[in-house]
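Listed here are the chains, written in short residue letters.
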Amino acid sequence: TGGPNFSNAIPLYNQTVSPSYTNQNVLLTGNITISGTLTFTNCTLRCNGNTIINVPSNASLRFINCDIAAGCDYMWNGINVDGNVQMTSSSIRDAVLALNLKNGATWQIGYSDFTSNADDISMKNTNGNNYITGTTFDHTVPLADQQYGTGGFGTTAITIGQPSTGGPELIGGINSGD
């Protein structure tokens, strides 16, 4: 019924990973911990319910032109970052908390989309040369898993790094409180 075929996807299940993947379909399940630098380029990633990606302080996770979303009817937990995360021209959907940036994390997010997440980004005690540019936060689409709310509470998407269109307040989008 359209979309990528995951019958031959690369499975990552409760493990520590550090290689790079290009032009692959990747299925993530359980607790995934990044070791060193892990780069996904032109990949489609699907995360089963309760999947969480952990990026420790000595690790880096990069997404370049990737689509990251739930692989089932349940939302996945998202990405915890104590190290570095970089997103370029990528989309992240269906997460309870898409990016949890904390404990000295560094991050660079450009020209990416956050759609149908219960919360998009939480930033606490981050450091370094961090930025978000040309990135859209869309809360107009209902959430995949209604236990986290219905979503769909905005009437337009908000783009950071572009002139304001007078859209709604970004509820549940970015929390930068300490």
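Residue numbers here run from 1 along each chain, matching the order of that chain's written sequence. Per-residue local features are limited, in this predicted model, to residues with pLDDT of at least 70; the limit for side-chain atom pairs, both in listing and counting, is 80 or more; totals at the level of whole chains, interfaces and linings are taken over all residues. Working from all heavy atoms in the structure, the side-chain values ignore hydrogens and water.

## Here we look at the environment of Thr51
Defined as follows: Strands are runs of DSSP state E lasting at least two residues, helices are runs of H or I lasting at least four, and both sets are numbered from the N terminus onward. Burial classes: relative accessible area under 20% of the type maximum marks a residue as buried, over 50% as exposed, and values in between as partly exposed (1.4 Å probe, protein chains only). Here a polar contact means two N or O atoms within 3.5 Å. Within protein one must be a hydrogen donor candidate and the other an acceptor candidate, and residues neighboring in sequence count only if both atoms are side-chain atoms.
With respect to the secondary-structure elements, Thr51 resides in the loop between strand 7 (44-47) and strand 8 (52-55). Given the relative accessible area of 0%, Thr51 is considered buried. Separated by 2.7 Å, the side chain of Thr51 and the backbone oxygen of Asn48 make a polar contact.

## Quick word on the confidence of the model for the protein
Short version of the rule: Per-residue confidence from the predictor is given as pLDDT, running between 0 and 100. For this analysis, residues touch if any pair of their heavy atoms sits within 4.5 Å.
On average, residues of the protein score 81 in pLDDT, and 76% of them reach the 70 mark or higher. Under a pLDDT of 50 for its full length, residues 162-172 has, in the predicted model, 17 contacts with residues more than four places off or in other chains.

## Quick notes on the sheet that holds strand 15 (residues 106-110)
Through backbone hydrogen bonds, the strands of a sheet pair up, either in parallel or in antiparallel fashion. Rules: In this analysis, strands are considered paired if DSSP registers two or more bridges between them.
The six strands lie next to each other as 3-6-9-12-15-18, forming an open sheet whose pairing is parallel. A strand with exactly one partner marks an edge of an open sheet, and here the two such strands are strand 3 (21-22) and strand 18 (131-133).

## Observations regarding the pattern of salt bridges
Under the convention used in this document: A carboxyl oxygen of Asp or Glu within 4 Å of a side-chain nitrogen of Lys or Arg is what we treat as a salt bridge.
Scanning the entire structure with this criterion turns up three salt bridges. Here Arg93 ties to Asp67 by a salt bridge, and the two come within 2.8 Å at their closest N and O atoms. On the criterion of sequence distance, the pair formed by Arg93 in strand 13 (residues 91-93) and Asp67 in strand 10 (residues 67-70) is long-range, its members being 26 residues apart. Residue classification places Arg93 among the partly exposed residues on the basis of a relative accessible area of 26%. Asp67 gets classed as buried once you look at its relative accessible area, which sits at 18%. Within this structure, Arg46, Asp67 and Arg93 form a network of salt bridges that share partners.

## Comments concerning the nonpolar core
The condition is simple: Among the buried residues, those of types Ala, Val, Leu, Ile, Met, Phe, Trp, Tyr and Cys that are joined through side-chain atoms within 4.5 Å form a nonpolar core.
Phe40, Leu61 and Ile79 are the most contacted members of the largest nonpolar core, which totals 38 residues. In terms of residues, this core owes the most to one element, strand 14 (residues 95-102), which gives four residues. Beyond its immediate sequence surroundings of up to four residues, Phe40 is in contact with Leu12, Tyr21, Val26, Leu45, Leu61, Arg62, Phe63, Ile64 and Cys66.

## Examining the pairing of strand 5 (residues 31-34)
A one-sided burial pattern is seen for strand 5, the buried positions being Ile32 and Ile34 and the unburied ones Asn31 and Thr33. Bridge count for strand 2 (residues 16-17) against strand 5 is two bridges, and the pairing is parallel. Counted as the bridge partner of Val17 is Ile34 from strand 5.

## As for the side chain of Asn100
Position of Asn100 relative to the elements: it lies in strand 14. Take Asn100: its relative accessible area is 16%, and that puts it in the buried class. There is a polar contact of 3.0 Å between the side chain of Asn100 and the side chain of Asn80. Apart from the residues lying within four places of it in its own chain, the contact partners of Asn100 are Ile79, Asn80, Val81 and Ser122.

## Considerations on the packing of aromatic side chains
Formally: Aromatic pairing here means that ring centres of Phe, Tyr or Trp (its six-membered ring) are within 6.5 Å. Orientation follows from the plane angle: under 30 degrees is stacked, over 60 is edge-to-face, and everything else is tilted.
Applying the stated criterion across every chain yields a total of three aromatic pairs. A centroid spacing of 5.7 Å and a plane angle of 10° characterise the contact between Phe40 and Phe63, whose relative ring orientation is stacked. Residue Phe40 is located in strand 6 (residues 37-41), and its partner Phe63 is located in strand 9 (residues 60-64); the two are separated by 23 residues in the primary sequence. One aromatic cluster in this structure is built from Tyr21, Phe40 and Phe63.

## Considerations on the side chain of Arg46
Looking at the element boundaries, Arg46 is found in strand 7. Separated by 2.7 Å, the side chains of Arg46 and Asp67 make a polar contact. Those residues in contact with Arg46 that sit more than four places away from it in its chain are Phe6, Val26, Leu27, Leu28, Asp67, Ile68, Ala69, Ala70, Gly71 and Arg93.

## With respect to unusual backbone geometry
The backbone phi angle of Asn50 is positive, close to 70°, even though this residue is not glycine. Note on placement: Asn50 falls in the loop between strand 7 and strand 8. Looking at Asn50, the relative accessible area reads 54%, which means it is exposed. The phi dihedral of Asp94 is positive, around 65°, even though this residue is not glycine.

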